[in-house]
Amino acid sequence: MHRQTESVGGVYGNDATAEQVQTAFENGTLPVAVYGLGKMGLPLAAVFADVCGAVIGVDIDPAVVESVNAGNCHVQREPGLPDLVADCVAAGKLRATSDPAAAAAAANVHVVIVPTPLTDTSEPDLSMLDAAIDGIAEEVAPGDLVLVECTVPPRTTADRVQPDIAAAAGLETDAFGVAFCPERTASGRAIQDIRGAYPKVVGGVDDESTRLAECIYTSINDSGVIAVADATTAECVKLFEGLYRDVNIALANELATFTDELDVDVRAAIEAANTQPFCDIHDPGPGVGGHCIPVYPHFLIEPFDTEAPLLETAREVNDSMPVFTVETLREELAADGVELAAASVLVLGLTYRPGVEETQTSPARTIAERLSAAGADVDGIDPLLDDTAEFDLKQLPLSRASERDYDAIVMVTPHNEFGALDWASMGRPAGSVVIDGRDTLTLSDTSHRVYTVGRGPVE
């Protein structure tokens, strides 16, 4: 039942040359199963299919499977992806199933790219990874290659993925290859990133797994492949990328909190400091959201005994920025003689990033909660989202932005669609208090009083 390659047989452990492996992959004689067809999984499956012509995608959501098999794309705002999926499905290069064992039986290369979120207690939740492993183990064959792309705590690939598959499949751990090959993509540019905006990183549980992973991704990524020492090193590379950003943003955010006391435009100071080649401070803002930066520090903090005071502090600083934003608004309203408890507030942008339909850990969520808890009457607008009950506010369409004389307006996430707003007609006739969380507003020709996070009051 298990499909074997025509040119090299089982790819792992047969001494095939790199050229033979790449030829077999690109000829479709090393069929691929991609487990997880979400925001990153579907683009990856489509690019694999475009290159090798033999991909079966796996997703537990029947609606996703049905959509893909119809040649449709359920992932929104991903340039080029709808056409690529449609073309690959029409050409018979890509199909989908909700049966991971069936996909495993049809493939020689297994690519896992499922979500790895946090539990309510901030511990890594690897349940979806475990489910994918169980499916692969049902039909994995000697010579197969398993590639893990989803972000995991270090040592997961070597200490969990490889032995769990071997035990469930009744195989020795050296009967198949396993490598960690982290996704390094961003929403809105996934295909570009997968195809080679920057090199792919791979690291195997042994040298042969690393070599084979390098062979596969060389055919996908035009910028080449960086082969690191082992799977754990590759896991660390992915985490370190995110941890650097979290700590750096925390520095920028903490500096921004000095704006008023120093009476300094901190953003301007950062910009000037960054002209020195050894300085690269990021931008401050109202908080850090998404499924990556706020999550990955916990993949080191929680599972390991080593103290991580810097990572913990960075998380505390970044998590405090929605509170800082609300307290700044309270002070600015008080200067206008308005109590926050009696104020009407409009929050603009509920997703964590412009142009991305993702609300996980969005700073807008905490901002809305704290505003409501303070007694404010809170409305929210996000052109990317349908009406949702997950925010403690009343969600309005963009067309109603000028409907009320809001005491205050908070720009959290500056979607492009907000460029069409008529600020002169928004808020109170005498001008509202505006908190610009991202330094994207120029309202000098209006009567609004603007406070920009990191700049302070803007004339």
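Keep in mind that this is a model prediction, so the values were computed, not measured.

Considering the side chain of Thr-232
Then, number 1: Of note, Thr-232 is situated in helix H10 (residues 231-256).
Then, number 2: Among the residues examined, Thr-232 registers a relative accessible area of 17% and is labelled buried.
Then, number 3: Non-local contacts of Thr-232, meaning those with residues more than four positions away in its chain, are made with Pro-154 and Arg-155.

Let's talk about helix H4 (residues 81-90)
Turn by turn, an α-helix covers 3.6 residues, leaving residues three or four places apart pointing in a common direction.
Then, number 1: Restricting attention to buried positions, one finds in H4 the residues Leu-81, Leu-84, Val-85, Cys-88 and Val-89. Buried residues of H4, seen end-on, are gathered within an arc of 125 degrees and therefore sit on one face of the element. The outward face of H4, more than 90 degrees from its buried face, is lined by the exposed residues Asp-83, Asp-87 and Ala-90.
Then, number 2: The secondary structure elements touched by the buried residues of H4 are helix H2 (41-52), helix H3 (62-69), strand E3 (94-97) and helix H8 (190-197).
Then, number 3: Following H4 by one or two positions, Gly-92 has its phi on the positive side, about 75 degrees.

Quick word on the domain arrangement of the protein chain
Then, number 1: The domain boundaries assigned to the protein chain delineate domain 1 (18-229), domain 2 (239-310) and domain 3 (320-458).
Then, number 2: Listed by partner, the interface residues are 20 residues for domain 2 and 22 residues for domain 3.
Then, number 3: The contact between domain 2 and domain 3 buries some 1,600 Å² in all, and 55% of this surface belongs to carbon and sulfur atoms.
Then, number 4: Here domain 2 is connected to domain 3 by one salt bridge.
Then, number 5: Notably, a salt bridge pairs Asp-265 with Arg-455, separated by 2.7 Å at the nearest N-O pair.
Then, number 6: Going through the elements one at a time, H10, helix H11 (259-262) and helix H12 (266-273) are the ones with two or more residues in the side of domain 2 that touches domain 3.
Then, number 7: Here the side of domain 2 that touches domain 3 gets three residues from one element, more than from any other, and that element is H12.
Then, number 8: For the side of domain 2 that touches domain 3, a count of residues per class yields nine nonpolar, eight polar and three charged.

Calculation notes
Residues numbered from 1 in each chain as written. Predicted model: local features only at pLDDT ≥ 70, side-chain atom pairs only at ≥ 80, totals over all residues. Heavy atoms only, no water. Helix = DSSP H or I, 4+ residues; strand = E, 2+ residues; numbered from the N terminus. Buried < 20%, exposed > 50% of the residue type's maximum accessible area, 1.4 Å probe, protein only. Contact = heavy atoms within 4.5 Å. Arc of directions from axis to C-beta. Domains from an automatic or database assignment. Buried area = accessible area lost by both parts, 1.4 Å probe. Salt bridge = Lys/Arg side-chain N within 4 Å of Asp/Glu carboxyl O. Nonpolar A, V, L, I, M, F, W, Y, C, P; charged D, E, K, R; others polar.

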